[in-house]
Amino acid sequence: ELSPKELLKYEKESIGYYISGHPLNEYAREISDISTITFADLIDDEESAGLYDGMPVTVCVLAAGIKTKITKSNKMMAFITAEDLTGQAEIIVFPTVFDKCRKYLEEDAALNVRTNLCKSIQRKTTWFMLDFHFYFNAVFSGIRHAATI
């Protein structure tokens with residue numbers, strides 16, 4: 001018999017999405033307390049959602065996939081396929097931030113990302129994280145103040 005976590009992992013590996021739930025469901029209460037925005041908010045009409053350029057936001061996500069790349073200046077950066085309970089988006093982690101948080105970036109990690117929206121370069125499914133902090137898995141286990149990078 002599979003545990004709920006093993007079942008979710010098996011579902012994702014075999015058919016590409018979750019059927020019986022989502023890995024973040026067990027943190028839904030904490031997520032609603034911590035998150036100020038969801039990926040669904042970005043797809044909705046931004047004006048009616050009250051979003052504005054430079055708005056500080058916090059979103060709790062699952063790092064569903066991570067791809068790293070070496071830039072022309074020979075520095076590492078990452079592209080995170082992130083999922084919250086409402087949808088999926090890409091988070092781009094630029095080299096200066098990547099250097100600070102690389103040891104925490106792993107697939108299936110629960111991350112609480114704080115940033116400012118940048119509507120001039122933000123697309124509906126891509127977030128460009130220009131200056132942000134990560135609060136790692138500890139947030140989801142009830143610790144409200146994890147290490148900030």
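What comes next is a walk through the structure. Since the structure is predicted, the reported quantities are computational estimates derived from the model, not experimental observations.

Some thoughts on helix 1 (residues 4–15)
Part 1 of the reasoning: Given a rise of 1.5 Å per residue, 12 residues ought to cover 16 Å, and the 16 Å separating the end C-alpha atoms of helix 1 matches this to within 8%.
Part 2 of the reasoning: Trailing helix 1 by a residue or two, G16 shows a phi angle of about 95°, which is positive.

A few points about the layout of surface pockets
Part 1 of the reasoning: Counted as a void, the largest pocket has a volume near 440 Å³.
Part 2 of the reasoning: Elements with a contribution of two residues or more to the lining of the largest pocket: helix 1, strand 1 (56–70) and strand 2 (76–83).

Concerning the side chain of T71
Part 1 of the reasoning: With respect to the helices and strands, T71 occurs in the loop between strand 1 and strand 2.
Part 2 of the reasoning: Within the local environment of T71, its side chain forms a polar contact with the side chain of S73, the two groups lying 3.0 Å apart.
Part 3 of the reasoning: Discounting chain neighbours no more than four positions away, the residues touching T71 are M77 and P95.

Digging into unusual backbone geometry
Part 1 of the reasoning: In this model, N74 sits at a positive phi of 65°, which is unusual for a non-glycine residue.
Part 2 of the reasoning: Tracing the chain through its elements places N74 in the loop between strand 1 and strand 2.
Part 3 of the reasoning: In this structure, D108 is a non-glycine residue whose phi angle is positive, near 70°.
Part 4 of the reasoning: Among the secondary structure elements, D108 is positioned in the loop between helix 5 (95–101) and strand 4 (110–116).

Looking at the pattern of salt bridges
Part 1 of the reasoning: Taken as a whole and assessed by the stated rule, the structure comprises two salt bridges.
Part 2 of the reasoning: With a shortest N-O distance of 3.9 Å, K5 and E26 are connected by a salt bridge. With K5 in helix 1 and E26 in the loop between helix 1 and helix 2 (28–34), the pair connects residues that are 21 residues apart, well separated along the chain.
Part 3 of the reasoning: A salt bridge links E83 to K12, with the nearest nitrogen and oxygen atoms 2.9 Å apart.

Topic: a nonpolar patch on the surface
Part 1 of the reasoning: Taken together, L2, L7 and Y10 make up a surface patch of nonpolar side chains, about 290 Å² in accessible area.
Part 2 of the reasoning: Assignment of secondary structure puts Y10 in helix 1.

What counts, and where the lines are drawn
- Residues numbered from 1 in each chain as written.
- Predicted model: local features only at pLDDT ≥ 70, side-chain atom pairs only at ≥ 80, totals over all residues.
- Heavy atoms only, no water.
- Helix = DSSP H or I, 4+ residues; strand = E, 2+ residues; numbered from the N terminus.
- Expected span 1.5 Å × (residues − 1).
- 1 Å grid on protein atoms, 1.4 Å probe; cavity = no way out; pocket = protein on both sides within 12 Å on 5 of 7 lines; lining within 4 Å.
- Points joined across faces, edges and corners; volume = space filled by probe spheres on them.
- Polar contact = N/O pair within 3.5 Å; in protein donor to acceptor, adjacent residues only side chain to side chain.
- Contact = heavy atoms within 4.5 Å.
- Salt bridge = Lys/Arg side-chain N within 4 Å of Asp/Glu carboxyl O.
- Patch = residues over 30% accessible without salt bridge, like charges linked within 9 Å, V, L, I, M, F, W, Y side chains within 5 Å.
- Areas by Shrake-Rupley, 256 points an atom, 1.4 Å probe, with all protein chains shown as cover.

Shape is all these values report; function is a separate question.
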